[in-house]
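# Residue-level structural notes
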Amino acid sequence: MEVFLRQQTGKSLEEQLRQTQTLEAIGRLAGGIAHDFNHLLTVILGYGSVVASRVAPDPETSRNLEEMLQAAERAAALTRQLLCFSRKQALQPRLVDLNAVVRGVEPMLQRLLGEEVELRAELAPRLGRVLADPGQLEQMLVELAVNARDAMPGGGRLTIATADRELDAAYAAEHVEVQPGHYVELAVTDTGTGIEPGALSHLFEPFFTTKETGNGAGLGLAASYGIVRQSGGHIGVDSEPGRGASFKIYLPRAEAPVRGGVRPARRAAALSARLRCVRDA
Ligand code: ADP
């Protein structure tokens, strides 16, 4: 099992399978397009920068060129999110302590959430390690925090919790493709508006958004889905309108000891410069 769609609890296995296959198919299509777009945008940005550095000092032309380049940068950022969704990003997996990842991004998340939202970290001691790309996990946390912030315009609380979990055979039998085993759970829970039942089954599809034009491209959760899949894990959500949302990510526990570990401060510093899959927060 690679993806666990928790919102499908209660739905038939056939229905779960159909949704998983739909995401697979969209992922292949999106990945192909994003791959080509990536090349085209590299060319546009490359030549655009050369032209920008050579134009005569004409303020209007410079301004127009700047607008063009900014639009191309934005398109490149969207394309990178699509590449994340379709799992075409280059991975740098290593043994990761999720607690260290959370601690590393905490200051940045608090800034992102603003003063009205309390950020709480409930990190299990002696947490198992996972094999994943810490940069991608940080990006996913940013995606989830941005959504939580948007769902709590009047303030609230965002809790990030970690725990060791065993998903047993009975549990796996109810969730399509879930393999029983030891996992590390990362739960990101907010006290926001919650999600309408009709939206739950579309949440991880690219371009699904309920935000006004300009505020959301609908790629944050799609990118998160791809990141979790690429790490061999599962992502799901529990939510009811008016009762907040809780995103749960399960990553297979790696048994080997951590070598080198994650250096939170360094990673956090590098993160803002390198948000490969993340929208402009
Ligand atoms: P975007 O944020 O650009 O809309 P996402 O893929 O990140 O794209 O999210 C898709 C949609 O899922 C959002 O538009 C919103 O309707 C819903 N959503 C995601 N996270 C939450 C949350 N924590 N609370 C309420 N709704 C959420």
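Heads up: these notes are all about the structure in this document. Note that the structure is predicted; figures quoted are calculated from it, not measured.

## Quick word on the overall build of the protein
When helices and strands are counted, the protein shows 8 helices and 7 strands. Looking at the 281 residues of the protein, the share that counts as buried comes to 47%. Working note: accessible area of the protein is about 13900 Å², and carbon and sulfur atoms make up 53% of it.

## A few points about the site of the ligand
Around the ligand sit 20 residues, and of these Asn147, Asp190, Thr209, Thr210 and Lys211 come closest. The separation between an oxygen atom of the ligand and a polar side-chain atom of Lys211 is 2.7 Å. At a separation of 3.0 Å, an oxygen atom of the ligand approaches a polar backbone atom of Ala217. Within the complex, the protein chains bury 95% of what would otherwise be the 540 Å² of accessible surface of the ligand. Broken down by secondary-structure element, the contributors of at least two residues to the shell around the ligand are helix H4 (134-151), helix H7 (220-230) and strand E7 (245-254).

## Brief notes about the side chain of Ser86
Secondary-structure assignment places Ser86 in the loop between helix H2 (59-85) and strand E1 (94-96). Looking at Ser86, the relative accessible area reads 11%, which means it is buried. Polar contacts involving the side chain of Ser86 include one to the main-chain carbonyl oxygen of Leu83, which spans 3.3 Å. Once you skip the residues sitting within four places of it in the chain, Ser86 turns out to touch Gly27 and Gly31.

## Focus on the packing of aromatic side chains
Scanning the model with the defined rule gives 3 aromatic pairs in all. An angle of 35° between the planes, with centres 5.8 Å apart, marks the rings of Phe85 and Tyr225 as tilted. One end of the pair, Phe85, is in helix H2; the other, Tyr225, is in helix H7, and 140 residues separate them in sequence. Ring centres 6.4 Å apart and planes at 90° place the aromatic pair Tyr183 and Tyr250 in the edge-to-face group. Here Tyr250 lies in strand E7 and Tyr183 lies in strand E5 (residues 181-190), a separation of 67 residues in the sequence. Each member of the pair Tyr183 and Tyr250 is classed as buried.

Calculation notes
- Position numbers for residues count from 1 along each chain, tracking the sequence in the order it is written.
- For this predicted model, a pLDDT threshold of at least 70 governs which residues receive local features, and a threshold of 80 or more governs which side-chain atom pairs are given and counted, while totals over whole chains, interfaces and linings are taken from all residues.
- Hydrogens are left out, water is left out, and the side-chain values use all remaining heavy atoms of the structure.
- Where helices and strands are cited, they refer to DSSP runs of H or I of at least four residues and of E of at least two residues respectively, numbered from the N terminus.
- Residue burial is assigned from relative accessible area. The probe radius is 1.4 Å, only protein chains are included, and a residue is buried under 20% of its type maximum, exposed over 50%, and partly exposed in between.
- Only the protein chains shown count as cover for residues, and the accessible areas themselves come from Shrake-Rupley with a 1.4 Å probe.
- Residues are labelled near a given molecule or strand when at least one of their non-hydrogen atoms is within 4 Å of it.
- Whenever a nitrogen or oxygen atom comes within 3.5 Å of another N or O atom, the pair is scored as a polar contact, on the condition that within protein one atom can donate a hydrogen and the other can accept it, and that pairs from neighbouring residues in sequence are kept only if both atoms are in side chains.
- Residues count as neighbours in contact if any of their non-hydrogen atoms are within 4.5 Å of one another.
- Centres within 6.5 Å make a pair out of two Phe, Tyr or Trp rings, where for Trp the six-membered ring is used; the pair is then stacked when the planes are under 30 degrees apart, edge-to-face when over 60, and tilted otherwise.

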